[in-house]
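Commentary on secondary and tertiary structure
Each chain, written out:
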Amino acid sequence: MKRWTTVLGRVGTVLITISLALLLVSLIPQLQLSSSKGSMPISPEHMQIAFNSQNLNPQQEVQVAVTVEGTLKVYLLEISIELQIVNGTFDYGFNSTDLHELVSDHPEQIIWEDPVENGNYKRSYSPTRVMNATVIFYNPSSSETARVEYDVALESSLAPGDKVRTIAYFAAPIGIILTIPWLLNSWKQRKQK
Amino acid sequence: MGKGKPFLEVLASAIHEDYRFPFLEVFAFLYALGTFVFASFGVSITTQSATSQSMATANEIIAYGAVSSILSIPLFIFIILVFKNIAYGLGSDLEKGIIQTYFSYPLRRRGILTAKLLSALGVALLLFLGIQISALYILAPDIILPQLGTVLLTYAANLSYPFLIAGIMLLLTLKLRRGGIGLVVGIVLYFAMSMASGIATVFAIFTKTPLSLQILSAISPSIILQQYYVGSLGDFWAPAFSELLLYTGVSYVIVAFVFVLGYTYFSRRLNL
């Protein structure tokens, strides 16, 4: 019995130290790698590419904040779009027709498809593997031009903060519960000596 | 009394000695922190598959890269713990005559050594792999689960050489009946490998033959593993997956041979 108390107590102290390490990791602030801000009108049934990455990894997070006057669909797609020279200027070789084709033929590549109407929108995404990612603003209206104010940022962190913090919040109390009998036992032994 | 109880007694005593409070906790903290701090997924899917000499898929390369990144300093911390347990733990037990006390237990000598090694190596490895693989799973479940084979192979290849040094240290500690010299030899051997691998790489690049790297891979298969997944040493050597498995297997046969020597010496030649 006493040996099991010691074993469980030490498992508890290990859980507590791991929780402390996780909390420490979650407290390390994020580093902003890139940011793109601005405002623009998007014509009816037209789209605009706001962010494009070929290797978004689990230690990175895309944060999208949008204020819209009109109607807008915010897409996060698992595709990579390369810049091409079109009529002497750099442009993405991807248009609304391609977007419609992708949405209907490859729905598995859609991570978000969020409609926004006359309001604010904020969402972030951190992948669980290395992947391509593209944020697209699409105006689905057939008559009204949407006015968009956007802020798309790419941030880097050691680990997904919320996930790590949640694990630490669960592991620490379990660790404390397992440790208490062992600590009491040790204290009683010292008192006897 | 069966053989199980004395074995557990020796194991419990060894664990108590090897992981006195707060050793286990400090190492657990360092493994957890080190894994997140050194983890890196900084590879591009397109560039990896385009430029690499390797025959591995892009996802396998990413999994290999992630595991390699978290193995850097945490592996060194693991090695320190194992070296301390074998050289200092077993060495001081031999010096203080604690091993002689164990010999009075109704337990074979190889059982005593197994209990000591389970504590010194087994518990340390369990803690190290448990924390690292869990941390990797928290970070990138969609990389780790589908590529579990690559993850385990990377660990196996990288741990082979530390195990070999641990075996050599065990032999030295048993022969000299003290741990100090074994510990120094172990640390020297650990750093000697990085120098030897540098020299072998230069030799291979200049002669355009991978012979020196192949010889070294037999005791440290992390070299062939790196060439298989990244192909950074040059295009003169493109090892196949079966070759990688063969070298990893050979390295573990060598490790097993050194430990068998240790067991034989402990069982038959160690006169206390």
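Shown above is the structure to which this text applies.
Residues numbered from 1 in each chain as written. Chains lettered and ligands numbered in written order. Predicted model: local features only at pLDDT ≥ 70, side-chain atom pairs only at ≥ 80, totals over all residues. Heavy atoms only, no water.

What follows is about the overall build of chain B. Assigned secondary structure in chain B consists of twelve helices and zero strands. For chain B, the succession of helices and strands along the chain, N to C, is α-α-α-α-α-α-α-α-α-α-α-α. Relative to a compact globule of 272 residues, whose C-alpha radius of gyration would be 19 Å, chain B shows 20 Å and is just as compact. Over its C-alpha atoms, taken along the principal directions, chain B stretches across nearly 65 × 40 × 30 Å. A fraction of 81% describes how many contacts in chain B between residues 6 or more apart in sequence connect residues 24 or more apart. Summed over its atoms, the accessible surface of chain B is roughly 12,000 Å², and 69% of this surface lies on carbon and sulfur atoms. Side-chain charges in chain B split into 15 positive and 10 negative, and the spacing between the mean points of these groups amounts to 17 Å. (Helix = DSSP H or I, 4+ residues; strand = E, 2+ residues; numbered from the N terminus. Rg over C-alpha atoms; globule rule 2.2 N^0.38 Å. Contact = heavy atoms within 4.5 Å. Areas by Shrake-Rupley, 256 points an atom, 1.4 Å probe, with all protein chains shown as cover. Lys, Arg positive; Asp, Glu negative; His and termini not counted. Charge placed at Lys NZ, Arg CZ, Asp CG, Glu CD.)

Let us now look at the packing of helix H8 (residues 148–176) of chain B against helix H12 (residues 241–269) of chain B. Residue and element names in this part refer to chain B. It is at 9 Å that the axes of H8 and H12 come closest, and there the two elements cross at 20 degrees. One way to sum up the angle between H8 and H12 is to call them roughly parallel. The interaxial crossing formed by H8 with H12 has left-handed handedness. Each residue belonging to the contact of H8 with H12 can be placed in one class, and the counts come to 22 nonpolar, five polar and one charged. (Axes fitted to C-alpha atoms, helices over the stretch in contact; angles between N-to-C directions. Parallel < 35°, antiparallel > 145°, perpendicular 65-115°, else oblique. Left-handed = near helix turned anticlockwise from the far one by under 90°. Nonpolar A, V, L, I, M, F, W, Y, C, P; charged D, E, K, R; others polar.)

Our next topic: the packing of aromatic side chains. All names here are of chain B. Summed over the entire model, instances satisfying the criterion amount to 18 aromatic pairs over all chains. With centroids separated by 4.9 Å and ring planes inclined at 80 degrees, the aromatic side chains of Tyr 228 and Tyr 229 adopt a geometry described as edge-to-face. On the basis of relative accessible area, Tyr 229 is assigned to the buried category, the value being 1%. One aromatic cluster in this structure is built from Phe 23, Phe 27, Tyr 31, Phe 78, Phe 128 and Tyr 155. (Phe/Tyr/Trp six-rings, centres within 6.5 Å; stacked < 30°, edge-to-face > 60°. Buried < 20%, exposed > 50% of the residue type's maximum accessible area, 1.4 Å probe, protein only.)

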